[in-house]
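Listed here are the chains, written in short residue letters.
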Amino acid sequence: MAAKTTRRSSGTIHFAPEVTFAGNTATISSTDLSIGDSLLTLNKGNSSLPSTSGIEIEEAGSIISSIKYTEASGNGTWAFLGKGTSKVDFNNATFENFALGTISTVDINAGTIDGVTIGASSHSTGKFTDLTATGKVNLGSGSVTATTFTGALTGAVNGNVTGNLVGNTTGNVTGNLIGDVYASNTTTKILDAGTNGSDATIQATLTGNSTGIHTGNVRKGDGTVIVDVSASPASFTGQVSSIANFSTANLTEHATKLYFTDARADARIAAASINTLSDVNTSGIATNNILQWNGSQFVPTTVGYSVANWQTATHTTNSTINGTSLAAGSASGLSDNIVVVGSTKVRIEAHSRYKITGSGNCDFYAQLKRTSGTPAVLAEEKYSVTATTVQTINSNFDVFETVGAGTHTYAIEFFASANTISLETNPAQTSGTATSYIQLTEVIVNGSIMQNVIEDTTPELGGALDAKTFKISNLGAPAANTDAATKQYVDDQVATENTIAEMNDVDTSGLANNKILKYNSTSSKWEIADDNYEDGIVNVVEDATPQLGGDLDLNTAQVFGSGSINITGGVTATQTGAFKDGTYSGNVVITGNLTVDGDTTTVDVQTLEVEDPIIILNKHSSQPANNTTDAGIMVQRGSSENNAAWFWDETSDRFIAATTTSDGTATDITVTANANMQAGTAYLTATTAQYADLAELYTSDKEYDAGTVVVHGGSAEVTQSTTKMDHKVAGVVSSNPAYLMNSEEKGTTVPVALRGKVPVSVMGPVAKGDLIVTSDTPGVGEAHPGVTNCVFVIGKALEDDDTENLVRLINVLI
């Protein structure tokens, strides 16, 4: 068994190889923790990140500060957290290739940017490739030289704006704008400057967005002036894509190029009929016609199959129908009705889910019925129910019938031949709500769709014909050998071929009285031949002592009689036989040797007597040097319990009495359990014992490992020791006792070694002959320095071991 190990030390522990802590928590208590590694890796070796990783600082049992990384689908966030007014100080830090995604709540109230004090009369000139703000930015009296500015300008712009202008400009813009102009909501483009060489486009009116005076020109990307403010009046070069300041109310429509508002177009379309469409011709349209494309137009035509009326009823309620209602035939699961108008054909589709619980035997029926007009059962399912039946059933019906016009009601109903079962509608299913339904549709079939069908008088199959469970009937008489024929036709033909001469392998030429048929291998036919035995057998004389001139082959016949069969020679039986009626009415006496070469010899008698003093099992005709097959006697005890056997086990070279699942065919008998032996006086010679200690079973408060030191106490007779020098010491849990007393003790027990050599769990240095007593470590002993009272002693150590703080097993003499 594996030893229990605990390492304790008050000094320095040096681990030369790598050390792995496999537990959930490793606690290091020290004033300063020094790590020689240049890189500290968290979450090492894991395939996925936890929600939060990092470093925390604790004060008085609470976390006061941390640096944490929070995972969010591959886009994590670092957070510097502290209490009160804690700050992150990057003084003397240099940031290269440093990118910020989002800066939230930044307050720069002191310090310098590029060496210039923030808040001084001269502005700081922070260098940014792209600075975007979604709120208000006060630029003071400086100029905008960035490529793109997004936001409202509350100061004057004295330089050229060479990027897009997005937002309100409440100050003067005195330079040229080379780029697009957007509205204040930053999404609507007012002026599209266009690409090089293309016209600019005004997409909305220029009112209200720029309240200052724009004294410069507006240019597009190639420098071309779009809005010339120096012209009188100011001129615009480009396209105007919005007439928001204009209306079509006073416009005169062109004779052919008319204009339409949405309202006028919708009204015109609403007043039109489908026949006004240029690709539709509805001439001769009739009820139930459809439009079909003829290559140039949609024209009316008939439909072969359509649904004129559709009615569906559903049921999701869980309820119980008792046996009395089922036996009375009045248990209805669901019903609905349909009013048939233009057709007499109705399709009924129904589904019902229910559970049957039986308390007796009966027949159960689920039926689809028409309850109006002449009531009829259209379809049904039958189940045989027993007292133990509990089953969930899904009944599905799909029926097509022809009825008269008017209202027709259809229903799913249940019936049982006795009131010994109950039914639950819509029982629970694995997911979703169980729903029963009945769906009724009035089907219109237009006969004219079946036109110009030409009868094929010689139809042929393009592949194999699989009739499955159906039959082919009404076949005519075949005209050729390859034609199909009915069974009746074949039977009639065979009935007419009723003489032997009609067989194609029989030649009856020369047939006369007393002739016989003799097979001729040359012609491969049965031919007429002479009898040659017409005189019969005459002058037979009774032989009182007949003898066989050769072997007697009984074939399937039997030998029987009231006398005995005495054979003075040997008898060799190569197969089993029986006397008359399968019984032996006389004695069989064999004075020679009897050899049975079969696999099994069965002797079914009341008493089997054997005169021989020795019975040899496992005998071979040619004795091998080593026999590998188990041999012995086996008792068959029945199908519900294991067989009993007394046999010689070739593996261990010993006799074994045991119970076994093996039968008489086994060559290697498997021991299920050793059998108990009972005798008056047993004369045995014991030479050795396999194990070294004497033990007794005691009840215990729990299971304990071998080597555990136990004392009298706890909730049972013994429990593990927990006190140094405990006078209540009982002994040690044995691993394999040589002799176990009180072996029938029930419940939770442990074998406690009372005498002999046994492994014991100890801690601390031990020398041979030391007295072993209990320690403060649960279930562990230790060496006592010197002599002490015997009531404290477990035993004497048989090993030298100077290990200091390791709990291990050593041999002790109890």
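As shown above, the structure is provided for reference.
Predicted, not measured: the structure shown is a model, and the values here were computed from it.

1. Re the overall build of the protein
Each helix and strand in the protein was counted, giving 3 helices and 48 strands. Partitioning the contacts of the protein with sequence separation of at least 6, the portion at a separation of at least 24 is 52%. Looking at the protein as shown, the accessible area adds up to about 58,200 Å², and 50% of this sits on carbon and sulfur atoms.

2. Considerations on the pattern of salt bridges
Two side chains that carry opposite charge are able to pair once their charged atoms sit near each other. A complete count under the given rule lists 12 salt bridges for this structure. A salt bridge links R347 to E349; the nearest nitrogen and oxygen atoms lie 3.8 Å apart. Between K515 and D530 there is a salt bridge, with the nearest N and O atoms lying 2.2 Å from each other. Of this pair, K515 sits in the loop between β28 (506-507) and β29 (516-520) while D530 sits in the loop between β30 (525-529) and β31 (565-567), and the two are 15 residues apart along the sequence. The exposure class assigned to K515 is partly exposed, which follows from its relative accessible area of 32%.

3. With respect to the side chain of T749
Looking at where T749 falls in the secondary structure, it is placed in strand β44 (residues 749-762). Setting aside residues up to four positions removed in sequence, T749 forms contacts with L697, Y698, T699, S700 and E703.

4. Considering the packing of aromatic side chains
Enumeration over the complete set of coordinates arrives at 8 aromatic pairs. Ring pairing ties together the aromatic residues Y354, F364 and F414, which thus form one cluster.

5. Focus on unusual backbone geometry
The backbone of S524 shows a phi angle near 60°, a positive value even though the residue is not glycine. Following the sequence through the fold, S524 ends up in the loop between β29 and β30. For D653, which is not glycine, the phi torsion reads 55° and is therefore positive. In this structure, D653 sits in the loop between β36 (643-649) and β37 (654-660).

6. A closer look at the sheet that holds strand β3 (residues 77-81)
Within the open sheet, the 3 strands sit side by side as β1-β2-β3. Their pairing is antiparallel. Of all the strands in the sheet, just β1 (52-59) and β3 have a single pairing partner and so form its edges. Within this sheet the neighbouring strands show an average axis-to-axis angle of 15°, counted without direction. Here β1 runs beside strand β2 (residues 62-70); their pairing, made up of 8 bridges, is antiparallel. Note that in β2 the partner of S53 across the bridge is Y69.

7. Some points on the side chain of T659
Tracing the backbone shows T659 in strand β37. On the basis of relative accessibility, which here comes to 19%, the residue T659 falls in the buried class.

8. Focus: the sheet that holds β37
Pairing within the open sheet is antiparallel, and its 4 strands lie in the order β35-β36-β37-β38. The open sheet is flanked by β35 (631-635) and β38 (673-674), the only strands paired with a single partner. Pairing analysis gives 2 bridges linking β37 to β38, with the strands arranged antiparallel. In the sheet register, A658 faces β38, and the bridge partner there is N674.

9. Thoughts on a nonpolar patch on the surface
Among the surface-exposed residues, V603, V605, L608, V610, I615, L617 and I633 lie close enough to one another that they form a single nonpolar patch of about 700 Å² accessible area. Assignment of secondary structure puts V610 in the loop between β34 (594-596) and β35. Judged by its relative accessible area of 46%, V610 falls in the partly exposed class.

10. Comments concerning the pairing of strand β40 (residues 709-712)
Pairing geometry for β40 and strand β42 (residues 729-733), over 3 bridges, is antiparallel. Considered in β42, the bridge of V710 is made with G731. As judged from the 3 bridges shared by β40 and strand β41 (residues 718-720), these two strands associate in the antiparallel manner. Within the sheet, the bridge partner assigned to H712 lies in β41 and is V718. Adjacent in sequence and paired antiparallel, β40 and β41 are bridged by 5 residues, among which G713 carries a positive phi angle near 155°.

Quick notes on the rules
- Residues numbered from 1 in each chain as written.
- Predicted model: local features only at pLDDT ≥ 70, side-chain atom pairs only at ≥ 80, totals over all residues.
- Heavy atoms only, no water.
- Helix = DSSP H or I, 4+ residues; strand = E, 2+ residues; numbered from the N terminus.
- Contact = heavy atoms within 4.5 Å.
- Areas by Shrake-Rupley, 256 points an atom, 1.4 Å probe, with all protein chains shown as cover.
- Salt bridge = Lys/Arg side-chain N within 4 Å of Asp/Glu carboxyl O.
- Buried < 20%, exposed > 50% of the residue type's maximum accessible area, 1.4 Å probe, protein only.
- Phe/Tyr/Trp six-rings, centres within 6.5 Å; stacked < 30°, edge-to-face > 60°.
- Pairing = 2+ DSSP bridges.
- Axes fitted to C-alpha atoms, helices over the stretch in contact; angles between N-to-C directions.
- Patch = residues over 30% accessible without salt bridge, like charges linked within 9 Å, V, L, I, M, F, W, Y side chains within 5 Å.

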